[in-house]
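Spelled out, the chains give:
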Amino acid sequence: MKKKGILSIVSLLLVSSLFLSGCSGEKTGSSEAKGDNKTITVLVEGGSPAFKVAKETAAEFKEETGYTVKIESVPYTGVYDKLKAEVASQAGAFDVATIDILWFPALAGGLLPLEDLMTDDLKNDLFPGLVEGGSYQNKVYGMPVWTNAKNLIYRKDLFEDEKNKADFQAKYGYELHPPTTWDEYSDVAKFFTKDTNNDGKVDMYGTTVFGANNGDAVASWLDHAAQAGAKPLVVGDKGKVLVNTKPYVDSLQFLVDLLKKDQSVPSGALEMASAETSELFWNGKSAMMLAWGHFYVPSNDSKQSKVAGKVGSAPMIGGGAGIGAVPGPWYQVIPSSSKKQEIAKEYLNFIYEKNELFMKSLGVAARKSIFESYSTQQGYEHLKPLMMTLSGPQTQNRPAIKEWQEIESEALIPAVQYALSGEKTPQEALDWAADVIKDLLPPQ
Amino acid sequence: MRLKNGALSTIFFFPAGIFMLVFLVYPIFLLIRDSFYKIDIINPSLREFVGFANYTNSLTSERFLKALWNTVVYIGVAVGFEFILGLILALLLSNAFKGSQFIRTLLLSPLMLAPLVTGIIWKFMLNDQFGIVNWGLYKLGILSDPHQILWLSDSRFALYSTIIADIWLTTPFIMLVLLAGIKGIPISLYESADMDGANKWHKFRYITFPSLIPVATVALLIRMIDAARTFDIVWVLTQGGPGFSSELLSTYMYKTLTRYGEVGQSSAMAVIFIIILLVLSSFFITKMWSPRRRHS
């Protein structure tokens, strides 16, 4: 009898401890709600410039405002997943987050509008499309921290070599220089594709084509679609699907030709993206790459690159419609569930004033004035070409629509891969993609 | 006496029961409930009851059926090879020989790796530019060009590349379970068989294999369910590409939920998946673990 009683008590204690542990979360929440806690939580991508800058400036921000900056870092897609969960749950876990331009349509419903931070001085110091990129349905939600675009990065030593110049002139009938058009790009790529050690295998490629299973492949192809005249990109007014029209087909054919006809790029294009491309270039296996502008900096770092000191940068190539590229900017945002919105706004302005730190950390920033002041310094030769690319006549953002992630994953990436693998022609692949996109978009 | 024991059992069951309710039954209830709605994750108040629309959309979707088929192929090929290789290795190691303990330890080492790490290792090995597999085959003269097989970027090979990584990772599990099963077979059965003049094949056919059936059933069932849920290896190696050629149900459900925000649709897919696995498990247990057969 006594034994039974004791056991009952123990069981009850176990059960109640379960409930108590559940309650402890609420206590933490309530203390935050009271505002007694002088801390703001910043969500960033681990290892990214946003992480470094947040860390470097935390002490100064505390000195100025009395608020401690708590940094939460997660992998790239983890930022999106966590922020999405925050927006859905409205838990108030984060006060600031640094996000990719792509994520605004899906997250905007849970972000704080920042119109009051957008002064004329601020807007005038930004590249075209940078404020628009952080907006959704005409409301501004993002404070830019850096912007970027694919640029041409090339082996200056190879391009300036007298023998190469003479050989190229003899073969193609014009002077060897960093290519500015599709035709020049194709010619130069073919010229530099060779077997350098005479073992019967090609070990140097002219350039690369991106076909990996991520958004990089899409952005890379859309750069060329823009150059061929695509505007707007992929989806037009009133949900009109543009993806199987001439600029898109021509640009995809251009990439397919580099891979299949010219064979001036590595055959494993469907595994190729920024990381793989830069590895090839840094190991001296490609003469050029169209890579995010900031890749110039590590290309000239002898700790990372075997070709350091031999690298040049030029603007993105142009097509029939001129220079075009898809910018890849990042922004700081404030979840509307934050309990410390005014301090969070102060933080956004604080970080914007220190935008220079992103230039030092990454090699790009958001503000034109910082681009200009650094462009004359050694080690930042990529900035002038990048400014040209970012201001190019056909440089434009991807469409700001909720369905973009799905369109990219379910239609655009597979279409690029079908074309590059030869399973479908570019026209067939893009007709297929157009059908998929029509299904994904809401009925008009 | 009976009453006391019953009450005691109830008391002991209670904590585990609550745990099950909170962490298993309730989430499944939420999952099933969500599968009947169209849910906007950003505005949860916009919750629209759509009946079985999420189910019919899934079952008639080419994408879903392709992912389902890939999952079936993945399970069939991966578990099939794992079982055969695991059985061979278990039989080899069941005869103690000098160094067998050491070799067993070596063979078990892949089991220590997280699937995510395995994915990264194989991604480097199978890369057509830097990968050791293609260069090894080229040096052996099997390939005429080190870039000849694009393991991860050819839609014909991508799914099988992920399967290779899974086989390498998980065969040791099957080996270990079967080895334990073999060790558990009474020696007297083999001694009797020897006296009756049985050869190695007869001993395997009539003693070893029948004795292993219950153990093998458990191993295969666990492994099949785990293979069905595979996510990490595929996510690291191919993310379901190129062009959905290596997309499994798990990766497709993940994308649908976290990337596209379609809670209802992904919930319906998950429910369908659970039902399929339950049917598979029931069939397996009923057919292979029949008390009647064992009795006879």
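The model shown is predicted, which means the values in this text are computed figures rather than measured ones.

## So, the overall build of chain B
If you tally the helices and strands in chain B, you get 13 helices and 2 strands. If you line up chain B on its principal axes, its C-alpha atoms span 80 × 75 × 30 Å. Classification of the 296 residues of chain B by burial places 43% in the buried group. Within chain B, counting contacts between residues at least 6 apart in sequence, those at least 24 apart form 65% of the total. Treating the 24 positive side-chain charges of chain B as one cloud and the 16 negative ones as another, the clouds have centres 9 Å apart.

## Quick word on the packing of aromatic side chains
For the structure shown, the criterion picks out 39 aromatic pairs over all chains. Look at A:Phe168 and A:Phe191: their rings are 5.2 Å apart centre to centre, the planes differ by 85°, and that puts the pair in the edge-to-face class. Of this pair, A:Phe168 sits in helix 8 (residues 162-172) while A:Phe191 sits in helix 9 (residues 182-192), and the two are 23 residues apart along the sequence. Assigned by exposure class, A:Phe168 and A:Phe191 land together as buried. Here a set of aromatic residues connected by ring pairs shows up, and it is made of A:Tyr154, A:Phe159, A:Phe168, A:Tyr172, A:Tyr174, A:Phe191 and A:Phe192. Between the NZ or CZ atom of A:Lys424 and the centre of the ring of A:Tyr418, over which it lies, the distance is 4.9 Å. Across from the ring centre of B:Tyr37, 4.9 Å away, lies the NZ or CZ of B:Arg47, which sits over that ring.

## Some remarks on the sheet that holds strand 12 (residues 330-333) of chain A
Residues and elements named next belong to chain A. Here 5 strands make up an open sheet; going across it, the order is 2-1-3-12-6 and the pairing mixed. The outermost strands of the open sheet, each flanked by one partner alone, are strand 2 (68-74) and strand 6 (143-146). This sheet shows a mean twist of 25° between the axes of neighbouring strands, independent of strand direction. Bridge count between strand 1 (residues 39-45) and strand 2: 7 bridges; the pairing is parallel. Directly across from Glu45, in strand 2, lies its bridge partner Val74. In the packing of helix 2 (residues 49-65) onto the sheet, the strands contacted are strand 1, strand 2, strand 3 (96-100) and strand 6, and the crossing angle to strand 2 comes to about 170°.

## Side note on the interface of chain B and chain A
Where interface size is given, it is often the accessible area lost as the parts come together that is meant. Residue-level contacts link 39 residues of chain B with 38 residues of chain A. Across the chain B to chain A interface the summed buried area is about 3,300 Å²; carbon plus sulfur atoms make up 57%. Counting across the chain B and chain A interface gives 1 salt bridge. Salt-bridge contacts for A:Glu410 lead to B:Arg63; the nearest nitrogen and oxygen are separated by 2.6 Å. Here chain B and chain A share 12 residue pairs in polar contact (both at pLDDT 80 or more) between them. Broken down by secondary-structure element, the contributors of at least two residues to the side of chain B that touches chain A are helix 1 (2-34) and helix 11 (249-259) of chain B. Examining the composition of the side of chain B that touches chain A, we find that 7 residues originate from one element, helix 1 of chain B, more than from any other.

## Some details on helix 3 (residues 76-89) of chain A
Working note: α-helix, 3.6 residues per turn, so residues spaced by three or four point in the same direction. Residue and element names in this part refer to chain A. With 14 residues, helix 3 extends 21 Å between its outermost C-alpha atoms, agreeing within 8% with the 20 Å of an ideal straight helix rising 1.5 Å per residue. Those residues of helix 3 not exposed but buried are Gly78, Val79, Tyr80, Leu83, Lys84, Glu86 and Val87. Trailing helix 3 by a residue or two, Gln90 shows a phi angle of about 55°, which is positive.

## Side note on the environment of A:Ala217
All names here are of chain A. Mapped onto the elements, Ala217 comes out in helix 10 (residues 215-227). Put simply, Ala217 and Gln405 are 188 residues apart on the chain and 14 Å apart in space, counted from C-alpha to C-alpha. Not counting residues up to four positions away in its chain, the partners in contact with Ala217 are Phe210, Gly211 and Ala212.

About the cut-offs
- Residues numbered from 1 in each chain as written.
- Chains lettered and ligands numbered in written order.
- Predicted model: local features only at pLDDT ≥ 70, side-chain atom pairs only at ≥ 80, totals over all residues.
- Heavy atoms only, no water.
- Helix = DSSP H or I, 4+ residues; strand = E, 2+ residues; numbered from the N terminus.
- Buried < 20%, exposed > 50% of the residue type's maximum accessible area, 1.4 Å probe, protein only.
- Contact = heavy atoms within 4.5 Å.
- Lys, Arg positive; Asp, Glu negative; His and termini not counted.
- Charge placed at Lys NZ, Arg CZ, Asp CG, Glu CD.
- Phe/Tyr/Trp six-rings, centres within 6.5 Å; stacked < 30°, edge-to-face > 60°.
- Lys NZ or Arg CZ within 6 Å of the ring centre and 35° of its normal.
- Pairing = 2+ DSSP bridges.
- Axes fitted to C-alpha atoms, helices over the stretch in contact; angles between N-to-C directions.
- Buried area = accessible area lost by both parts, 1.4 Å probe.
- Salt bridge = Lys/Arg side-chain N within 4 Å of Asp/Glu carboxyl O.
- Polar contact = N/O pair within 3.5 Å; in protein donor to acceptor, adjacent residues only side chain to side chain.
- Expected span 1.5 Å × (residues − 1).

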